[in-house]
Amino acid sequence: MWRRTIIAVLLFLGLALGIPVAAQEPTADEVNRIAKQLYCPVCPNTPLDVCETKACEDWRAQIRDMLAEGQDEQAIIDYFVAQYGIRVLAAPPRRGFTALVWVLPVVGLLAGGWLLMRVFRRQERGPTRPLLGTGQDGTLPIPSEYLARLEEDVRKG
């Protein structure tokens, strides 16, 4: 009886005090979630999670090890940026000069929409002035020499 009670108390105290449980191995999804945010160091513009080179396998293994050590996602990404530079990031950071990458497409879309709206409004109003000036009776003034030459050309065929 005392033996069972002592074992139960020790188990309860062990759980309550947070005796370290064996670290769980990070899943492939956890590794790939971070790997998606990094580019392959060898292949240009290839995300780390889909690249099959040896370098990418090594990087994914390193990510797995860092996750197993308890490092968080941002710390791992910061490590790779510190080691290999900002070019390893799949998406540029939204600060400094690289913020233009995020802002310029929006500005371009807004400017394009504004230009299209102006063109459509102008077409709805019709031409604001005729291409040729009109005479007092509303007809187009055509020079008499041109009319004579046109009639002559029509007669000749």
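Quick caveat: nothing in here was measured; it's all calculated off a predicted structure.

A.B. asks: So what about the overall build of the protein? Which residues, and what values?
C.D. replies: Along the protein, the regular secondary structure elements total six helices and zero strands. Starting at the N terminus and walking to the C terminus, you meet the elements of the protein as α-α-α-α-α-α. For the protein, the proportion of its 157 residues judged to be buried stands at 14%. Long-range pairs, those at least 24 residues apart, make up 39% of the contacts in the protein between residues at least 6 apart in sequence. Carbon and sulfur atoms make up 61% of the accessible area of the protein, which amounts to about 13100 Å² in all.

A.B. asks: Requested: an account of helix α5 (residues 99-125), with residues and values cited.
C.D. replies: In this model α5 runs 40 Å from its N-terminal to its C-terminal C-alpha over 27 residues, within 8% of the 39 Å that 1.5 Å per residue would give. At the C-terminal side of α5, Gly126 shows a positive phi close to 85°.

A.B. asks: I'd like a description of the packing of helix α2 (residues 28-35) against helix α3 (residues 54-68), backed by residues and values.
C.D. replies: Two quantities define a packed helix pair, namely the angle between the helix axes and the distance between the axes. Two numbers describe how α2 lies on α3: the axes approach to 9 Å, and their chain directions differ by 115°. The angle between α2 and α3 places the two elements in the roughly perpendicular class. Crossing of α2 over α3 shows right-handed handedness. The segment α2 lies against α3, with Glu30, Val31, Asn32, Ile34 and Ala35 engaging Arg60, Ile63, Arg64 and Leu67. Grouping the amino acids of the contact of α2 with α3 by side-chain chemistry returns five nonpolar, one polar and three charged.

A.B. asks: So what's going on with the nonpolar core? Residues and values would help.
C.D. replies: Counting 17 residues, the largest nonpolar core has Ile34, Leu38, Leu48, Ile63, Leu67, Ile76 and Phe80 as its most contacted members. Those elements that place two or more of their residues in this core are α2, α3 and α4 (73-84). The leading source of residues in this core is α3, at five residues.

A.B. asks: Provide a residue-level description of a positive patch on the surface, including the pertinent values.
C.D. replies: A cluster of basic side chains, namely Arg118, Arg121, Arg122 and Arg125, defines a positive patch on the protein surface. Structurally, the position occupied by Arg122 is in helix α5.

A.B. asks: An account of a nonpolar patch on the surface is needed here, citing residue identities and associated values.
C.D. replies: On the surface, a cluster of nonpolar side chains totalling about 680 Å² of accessible area is made up of Phe97, Leu100, Val101, Trp102, Val103, Leu104 and Val107. Its location among the elements puts Val103 in helix α5. A relative accessible area of 42% places Val103 in the partly exposed class.

A.B. asks: How would you summarise the pattern of salt bridges if you had to cite specific residues and measurements?
C.D. replies: With the rule as written, the count across this model stands at four salt bridges. Here Arg33 and Glu73 are joined by a salt bridge, their closest N and O atoms 3.2 Å apart. Of this pair, Arg33 sits in helix α2 while Glu73 sits in helix α4; the two residues are 40 residues apart in sequence, bridging distant segments of the chain. Residues Glu151 and Arg155 are paired through a salt bridge, measuring 3.9 Å at the closest nitrogen-oxygen approach. Of this pair, Glu151 and Arg155 are both found in helix α6 (residues 144-156), four residues apart, which corresponds to roughly one turn of the helix.

The rules behind the values
Residues numbered from 1 in each chain as written. Predicted model: local features only at pLDDT ≥ 70, side-chain atom pairs only at ≥ 80, totals over all residues. Heavy atoms only, no water. Helix = DSSP H or I, 4+ residues; strand = E, 2+ residues; numbered from the N terminus. Buried < 20%, exposed > 50% of the residue type's maximum accessible area, 1.4 Å probe, protein only. Contact = heavy atoms within 4.5 Å. Areas by Shrake-Rupley, 256 points an atom, 1.4 Å probe, with all protein chains shown as cover. Expected span 1.5 Å × (residues − 1). Axes fitted to C-alpha atoms, helices over the stretch in contact; angles between N-to-C directions. Parallel < 35°, antiparallel > 145°, perpendicular 65-115°, else oblique. Left-handed = near helix turned anticlockwise from the far one by under 90°. Nonpolar A, V, L, I, M, F, W, Y, C, P; charged D, E, K, R; others polar. Core = buried A, V, L, I, M, F, W, Y, C linked by side-chain atoms within 4.5 Å. Patch = residues over 30% accessible without salt bridge, like charges linked within 9 Å, V, L, I, M, F, W, Y side chains within 5 Å. Salt bridge = Lys/Arg side-chain N within 4 Å of Asp/Glu carboxyl O. Lys, Arg positive; Asp, Glu negative; His and termini not counted. Charge placed at Lys NZ, Arg CZ, Asp CG, Glu CD.

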